[in-house]
Amino acid sequence: EPLMREAWGRFPALAGFDGEAHDKLVERFRRLDKERIELAAAEVALAHFEGLPKGAGDVGEMRVLLHEFNKKRRHLPIRKLIAQAGQAVQAIKPVFMMSPLSVAEFLAPGGLRFDLLLIDEASQVEPVDALGAVARASQMVVVGDDRQLPPTKFFKGGHLVEEDESDEDQISLGDIESILGKCAAQGMPQRMLRWHYRSRHPSLIAVSNQEFYDSRLFVVPNAHPDTSEL
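Please read all numbers here as calculations on a predicted model, not as lab measurements.

K.L.:
Which parts of the structure should I look at to understand the overall build of the protein chain?
P.N.:
The helix and strand inventory of the protein chain stands at nine helices and four strands. Sequence-ordered secondary structure for the protein chain, helices as α and strands as β, is α-α-α-α-α-α-β-α-β-α-β-α-β. Every one of the 230 residues in the protein chain was classed for burial, and the buried ones make up 18%. Look at the contacts in the protein chain between residues 6 or more apart in sequence, and 55% of them connect residues 24 or more apart. Here the protein chain has roughly 18,400 Å² of accessible surface; of this, 57% comes from carbon and sulfur atoms.

K.L.:
I tried to follow the pattern of salt bridges on my own but got confused; where do I start?
P.N.:
Using the criterion set out here, one finds six salt bridges in the structure. With a closest N to O distance of 3.8 Å, lysine 24 and glutamate 20 form a salt bridge. A residue pair is termed a helical-turn pair when its members lie 3 or 4 positions apart in one helix, as lysine 24 and glutamate 20 do in helix H3 (residues 19-50) at four residues. The partner of glutamate 68 in a salt bridge is lysine 71, with the nearest N and O atoms 3.0 Å apart. Glutamate 68 gets classed as buried once you look at its relative accessible area, which sits at 7%.

K.L.:
Could you clarify how one ought to interpret the environment of valine 219 in this entry?
P.N.:
With respect to the helices, strands and loops of the structure, valine 219 is situated in strand E4 (residues 218-219). Relative accessible area serves as the criterion here: at 28%, valine 219 is assigned to the partly exposed category. Taking the C-alpha atoms as reference points, valine 219 and arginine 194, separated by 25 residues in sequence, lie 8.6 Å from one another.

K.L.:
Which parts of the structure should I look at to understand the pairing of strand E1 (residues 114-119)?
P.N.:
Residues in a regular strand point their side chains to alternate faces of the sheet. Pairing of E1 with strand E2 (residues 137-142) involves five bridges; the strand directions are parallel. From the neighbouring strand, leucine 117 faces E2, where its bridge partner is methionine 140. Following the chain from E1 across helix H7 (residues 127-134) to the adjacent parallel E2, one finds a crossover that is right-handed.

K.L.:
It is not clear to me how the side chain of serine 123 should be interpreted in this structure. Could you clarify?
P.N.:
By secondary structure assignment, the location of serine 123 is in the loop between E1 and H7. In this structure serine 123 comes out as buried when scored by relative accessible area, which is 2%. At 3.2 Å, the side chain of serine 123 forms a polar contact with the side chain of glutamine 124.

K.L.:
Explain the packing of aromatic side chains here, please?
P.N.:
By convention here, two paired aromatic rings are described through the distance between centres and the angle between planes. Summed over all chains, the structure comprises two aromatic pairs. Relative to phenylalanine 114, the ring of phenylalanine 96 has its centre 5.2 Å away and its plane inclined at 70°; by these criteria the two rings are edge-to-face. With a gap of 18 residues between them, phenylalanine 96 in the loop between helix H5 (78-92) and helix H6 (100-106) and phenylalanine 114 in strand E1 connect regions that are remote in the sequence. The exposure class assigned to phenylalanine 96 is partly exposed, which follows from its relative accessible area of 25%. Under the relative-accessibility criterion, phenylalanine 114 is labelled buried at 14%. Pairing tryptophan 195 with phenylalanine 218 gives two aromatic rings, centres 5.3 Å apart and planes at 40°, and the pair type is tilted. In this pair, tryptophan 195 sits in strand E3 (residues 195-196) while phenylalanine 218 sits in strand E4, placing the two residues 23 residues apart along the sequence. With relative accessibility at 62%, the residue tryptophan 195 sits in the exposed group. On the basis of relative accessibility, which here comes to 40%, the residue phenylalanine 218 falls in the partly exposed class.

Basis of the calculations
- Within each chain, residues carry numbers counting from 1 in the order of the written sequence.
- Whole-chain, interface and lining totals are the exception, using all residues; otherwise, since this is a predicted model, local features are given only for residues with pLDDT of at least 70 and side-chain atom pairs are given and counted only at 80 or more.
- Only heavy atoms go into the side-chain values, all of them from the structure, while hydrogens and water stay out.
- Here a helix means four or more residues in a row that DSSP labels H or I, a strand means two or more in a row labelled E, and each is numbered from the N terminus.
- Type-normalised accessible area, obtained with a 1.4 Å probe on protein chains alone, sets the label of each residue: buried when under 20%, exposed when over 50%, and partly exposed for intermediate values.
- Throughout, a contact is declared for two residues whenever any of their heavy atoms are within 4.5 Å.
- Here, Shrake-Rupley sampling with a 1.4 Å probe gives the accessible areas, and only protein chains in the shown set may cover a residue.
- Salt bridges are defined as contacts in which a side-chain nitrogen from Lys or Arg sits within 4 Å of a carboxyl oxygen from Asp or Glu.
- Being paired, for any two strands, means DSSP has found at least two bridges between them.
- Looking down the strands as they point away from you, a crossover is right-handed if its path from the first strand over the helix to the second goes clockwise.
- Side-chain atoms alone can form a polar contact between residues adjacent in sequence; in general such a contact is a pair of N or O atoms within 3.5 Å, and within protein one must be able to donate a hydrogen while the other accepts it.
- For this analysis, a ring pair means two rings from Phe, Tyr or Trp (six-membered ring only for Trp) whose centres lie within 6.5 Å, classed as stacked if their planes differ by under 30 degrees, edge-to-face if by over 60, and tilted for the remaining angles.

Written as structure tokens, this is what we have:
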């Protein structure tokens, strides 16, 4: 108690601190925060529902879709379906998850447009593969790690390097640029995602954090670092 009285004297704010009330406040914040996240999901679902095609302007494309829904066989190829009813498809399913090859195969140039393109694992995507998707979007977010190996064509081209070949004939990983490097070279704004949460033990990322990321990663500590299970 003497230590507490001394602390209260030096820091008057402590005297007014109620630990139980603070815990209740934290718990209330957690509950409200979770409810707000759930409400946000409901708001997105409602906005999507209200945007579903149901007016006269969508009758033509919706007629195509309804006809396809009721067919048992001989459905339109996806590329033709997108060309004939792409606006309705996009209104029903506004998010497309596609590989670069699928974009080129199914989305004809000059057809659908997208508000946002998100390229994940961008260090593994070559610019030539990404440009088709870039051309179909108004803005883009590129997510990747330039500390990972760049993409390589070593296993694609069937190229065999003989011992007596010159250096010019050999494949260099550094010569093959990714869309991530291309965007960085163009001066696009960058932001580092600093929270690392995948490693179950801090030691698994410690060396990489120090050597590759200049110790800038926030690592979540393990509550039981010495357990035999790890």
